[in-house]
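# Observations on chain architecture
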Amino acid sequence: MIYKRQAEIPISVLWSYREFKRDEVPAPRLPYINMYDVDEVTGYVKEHGLTPLELTVIKNTALLTDGNHRIVAAKRLGYEVVPVEIIIHFGNGVDYFYEHTLNRFLPIDANLEAHLRKIFFLNI
């Protein structure tokens, strides 16, 4: 079972939960897949705006599972907060993610926990 909610979260809170550090290591180029680098994504975001990133939460861990290029682009463009679709998985996530992806999830720190509490528990 999953539960979703959209919110805005500061980049500084999400930054350490990136699955891939696209500002440090570019995505590999494969000739049969149309992929974009951070510079191209930054140009697109500048022109069209930012679509929500995806933060997945499983138990007491979290990972930015979609939006690794866009968060870098947003930071480059001076965004302080970004739209995020937060997906809470009830269970261990094995039905949705490969083990190597689950191993990338990081413990939720106090800062992210405070934002999640505000978002899901109406400012309690």
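Residues numbered from 1 in each chain as written. Predicted model: local features only at pLDDT ≥ 70, side-chain atom pairs only at ≥ 80, totals over all residues. Heavy atoms only, no water.

Within the chain, Lys59 stands out as a residue other than glycine whose phi angle is a positive 55°. Topologically, Lys59 is positioned in the loop between β2 (53-58) and β3 (61-66). Here Lys59 falls in the exposed class, since its relative accessible area comes to 64%. (Helix = DSSP H or I, 4+ residues; strand = E, 2+ residues; numbered from the N terminus. Buried < 20%, exposed > 50% of the residue type's maximum accessible area, 1.4 Å probe, protein only.)

Across all of its chains, the model carries two aromatic pairs by this definition. Look at Tyr3 and Phe120: their rings are 5.8 Å apart centre to centre, the planes differ by 55°, and that puts the pair in the tilted class. Placement of the pair is Tyr3 in strand β1 (residues 2-10) and Phe120 in helix α5 (residues 110-120), with a sequence separation of 117 residues. For Tyr3, a relative accessible area of 37% puts it in the partly exposed group. Here Phe120 falls in the buried class, since its relative accessible area comes to 16%. Measuring from centroid to centroid gives 5.6 Å for Phe97 and Phe105, while their planes differ by 70°, and the two rings are edge-to-face. Across the pair, exposure class does not vary: Phe97 and Phe105 are buried alike. Stacked on the ring of Trp15, the Lys or Arg Lys75 has its end atom at 3.9 Å from the ring centre. (Phe/Tyr/Trp six-rings, centres within 6.5 Å; stacked < 30°, edge-to-face > 60°. Lys NZ or Arg CZ within 6 Å of the ring centre and 35° of its normal.)

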